[in-house]
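# Residue-level structural notes
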Amino acid sequence: MHEMVFILLFGFAFPFFLQSSIVLSYPFGLQSTSVLPNPSGLRVGFYQYTCPNAEVIVRDEMTKIISQVPSLAGPLLRMHFHDCFVNGCDGSILLNSTPGSPSEKESVPNLSLRGFGTIDRVKAKLEQACPGVVSCADILALVARDVVVLTKGPHWDVPTGRRDGRRSVEQEALDNLPPPFFDAAQNLNQFFIPKGLDAKDQVVLLGGHTLGTSHCSAFSDRLYNFTGTMMPDPSLDKFYLPRLKSKCSNPGDTTTLVEMDPGSFRTFDASYYRHLARGRSLFTSDQTLMADPFARAYVLRQAAVADAGAFPAEFFADFAASMVKMGGVQVLTGAQGEVRRHCAFVN
């Protein structure tokens, strides 16, 4: 959303619902709680009896890891997105390739993801406490929530009970992850809507780009050859363009990293929208949100909040709601799938 080449994000409509609360961390210790539906088959507190300390174990490990390597927050958040967009939230992004069958990890959009070792570390702790109980898919959902909280973003209750899938195919990741060089309308119609995500989910979830960095190669076309014109994207801020060119002098650079939310890329806040409103986003998929009246109004509203230094209550509540929605996409539950003992291998 970064340490990746492509960007993606989430939801699904299910017939039966449980309730989940979202708690926003306001200044001065105030809290606001709103009620959201949960996807069918998942529920908050799924491991209450089978592994009662599961979420505490995940949170404690993530607190240690993010304190040591804060740059992992963005990639770990996007790992959950990349998992859910390819055949649902089933942990398939974590599977290693097998002979003659490259997995999602080998697909171009996922080559620069980081943090697989973090997931393995969390899984190992859970296996010590509760062998064979907590799925890798649920770990991804819990880790995504925790890295947002640890970077000063909102807290929400994560419905759990996902099971792990047994297949992971390289081409399916390429076919299902929204590219950064598509415009927002293309991505909405081709990738979001088929998964039950709407225009609001898109503009809200792209707000996750407030965390992390991107490689130059993911947006260099906007600097040097926008839509085959051999010219820069005219929507890029004229002062921001030379700064990006100075960092990405080689259009094919796959090693240099650039902040997606300059000056605030390790803090979850609304400043991403401030940059977007001023033509300072990195990706075509983000900047073209401004062409849609609804998305533009949302961006400008959050930008005003960021400019005022106010607490982004609307964005925080919306992001939490869309994360719960995305986390329910095509989940495996009950007797479906399995609970992997190691996240990189089927049992």
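Remember, it's a predicted structure, so these values are computed and weren't measured experimentally. (Residues numbered from 1 in each chain as written. Predicted model: local features only at pLDDT ≥ 70, side-chain atom pairs only at ≥ 80, totals over all residues. Heavy atoms only, no water.)

## Looking at the overall build of the protein
In plain terms, the rule: Helix numbers and strand numbers start at the N terminus; a helix is a DSSP run of H or I with at least 4 residues, a strand a run of E with at least 2. Only protein chains enter the calculation, and the probe is 1.4 Å; a residue is then buried if its accessible area is under 20% of its type maximum, exposed if over 50%, and partly exposed in between. Residue burial considers only the protein chains on display, and all accessible areas are found by Shrake-Rupley using a 1.4 Å probe.
Looking only at helices and strands, one finds 13 helices and five strands in the protein. Out of the 347 residues belonging to the protein, those deemed buried represent 55%. Accessible surface, the protein as shown: approximately 13,900 Å² in total, 57% of it carbon and sulfur.

## Looking at the UniProt feature "active site" (unreviewed entry) in the protein
Applied cut-off: UniProt positions are given in the numbering used here, feature names are shortened, and annotations may be inferred rather than shown by experiment.
With numbering aligned to this structure, UniProt lists the feature "active site" (unreviewed entry) at His82. Position of His82 among the secondary structure elements: in helix H2 (residues 73-84).

## Brief notes about the pattern of salt bridges
We count it as follows: The working definition used for a salt bridge is a side-chain nitrogen of Lys or Arg within 4 Å of a carboxyl oxygen of Asp or Glu.
The full count for this structure, using the stated rule, is 18 salt bridges. Measuring nitrogen to oxygen at the nearest pair gives 3.8 Å for the salt bridge that ties Arg341 to Glu127. Taken together, the residues span a long stretch of sequence, with Arg341 in the segment after helix H13 (313-326) and Glu127 in helix H3 (residues 116-129) at a distance of 214 residues. What makes Glu127 buried here is its relative accessible area of 15%. Its salt-bridge partner being Arg145, residue Asp146 comes within 2.7 Å of it at the nearest N-O pair. Assessed through its relative accessible area of 4%, Arg145 is described here as buried. A network of salt bridges, in which partner residues are shared, links Glu55, Arg145 and Asp146.

## Observations concerning the packing of H2 against H13
Between two packed helices, what matters for the description is the angle formed by their axes and the separation of those axes. Note the threshold: Helix axes are fitted to C-alpha atoms over the stretch in contact, other axes to C-alpha atoms as well, and angles between N-to-C directions run from 0 to 180 degrees. Each angle receives one of four descriptions, namely roughly parallel if under 35 degrees, roughly antiparallel if over 145, roughly perpendicular if within 65 to 115, and oblique otherwise. Two residues form a contact once any of their heavy atoms are found within 4.5 Å.
Orientation of H2 relative to H13, taken along the N-to-C sense of each, is 40 degrees, at an axis distance of 11 Å. By the angle between their axes, H2 is oblique relative to H13. Touching Leu77, His80, Phe81 and Cys84 of H2 are Phe319, Met323 and Met326, all from H13.

## Some points on helix H9 (residues 240-247)
What counts, and what does not: Working definition: the arc comes from the directions between the helix axis and the C-beta atoms, pointing outward to the latter.
Those residues of H9 that sit buried are Tyr240, Leu241 and Leu244. Across the axial projection of H9, the buried residues extend over an arc of 100 degrees, all falling on one side. In this fold, the buried residues of H9 make contact with helix H8 (220-224) and strand E5 (257-259).

## Brief notes about the side chain of Ser92
Tracing the backbone shows Ser92 in the loop between H2 and H3. With a relative accessible area of 0%, Ser92 lands in the buried category. Excluding residues that lie within four positions of it along the chain, Ser92 makes contacts with Asp83, Val86, Glu104, Arg167, Ser168 and Arg340.

## A short note on a nonpolar patch on the surface
Rules: A residue counts toward a patch only above 30% relative accessible area and without a salt bridge, and it is joined to like-charged neighbours within 9 Å or, for Val, Leu, Ile, Met, Phe, Trp and Tyr, to nonpolar neighbours within 5 Å.
On the surface, a cluster of nonpolar side chains totalling about 260 Å² of accessible area is made up of Val108, Leu111 and Leu174. Position of Leu111 relative to the elements: it lies in the loop between H2 and H3.

## Brief notes about the UniProt feature "binding site: heme b" (unreviewed entry) in the protein
According to UniProt, the positions carrying the feature "binding site: heme b" (unreviewed entry) are His209. Here His209 falls in the buried class, since its relative accessible area comes to 1%.

## As for the packing of helix H12 (residues 293-308) against H13
The criterion, for reference: Here the term charged refers only to Asp, Glu, Lys and Arg, the term nonpolar to Ala, Val, Leu, Ile, Met, Phe, Trp, Tyr, Cys and Pro, and the term polar to all other amino acids, Gly among them.
For the pair H12 and H13, interaxial distance at closest approach is 9 Å and the crossing angle is 125 degrees. The angle between H12 and H13 places the two elements in the oblique class. Counting all contacts with H12, which are made through Tyr298, Arg301 and Gln302, the residues of H13 involved are Glu314, Phe315 and Asp318. Considered class by class, the residues forming the contact of H12 with H13 number two nonpolar, one polar and three charged.

## Remarks on unusual backbone geometry
The backbone of Thr227 shows a phi angle near 50 degrees, a positive value even though the residue is not glycine. Relative to the helices and strands, Thr227 resides in the loop between H8 and H9. Given the relative accessible area of 64%, Thr227 is considered exposed. Even without a glycine there, the phi angle at Gln330 is positive, about 45 degrees.

## A look at the confidence of the model for the protein
Rules: What pLDDT expresses is the predictor's confidence in each residue, scored from 0 to 100.
Predicted confidence across the protein gives a mean pLDDT of 89, with 88% of residues reaching 70 or more. Every residue in residues 1-37 is under pLDDT 50, and counting partners more than four places away or in other chains gives 151 contacts.

## Comments concerning the state of the cysteines
Basically, it comes down to this: By disulfide we mean two sulfur atoms from cysteines, separated by a distance within 2.5 Å.
Considering all chains together, one arrives at four disulfides under this definition. The disulfide partner of Cys51 is Cys130, and the gap between their sulfur atoms is 2.1 Å. Judged by the sign of its S-S torsion, about 75 degrees, the bond between Cys51 and Cys130 is right-handed. Of this pair, Cys51 sits in the loop between strand E2 (31-37) and helix H1 (54-68) while Cys130 sits in the loop between H3 and helix H4 (136-150), placing them 79 residues apart in sequence. Residue class for Cys51 comes out buried when judged on its relative accessible area of 1%. Disulfide pairing is shown between Cys216 and Cys248; the S-S distance is 2.1 Å. A torsion of -70 degrees about the S-S bond marks the disulfide between Cys216 and Cys248 as left-handed.

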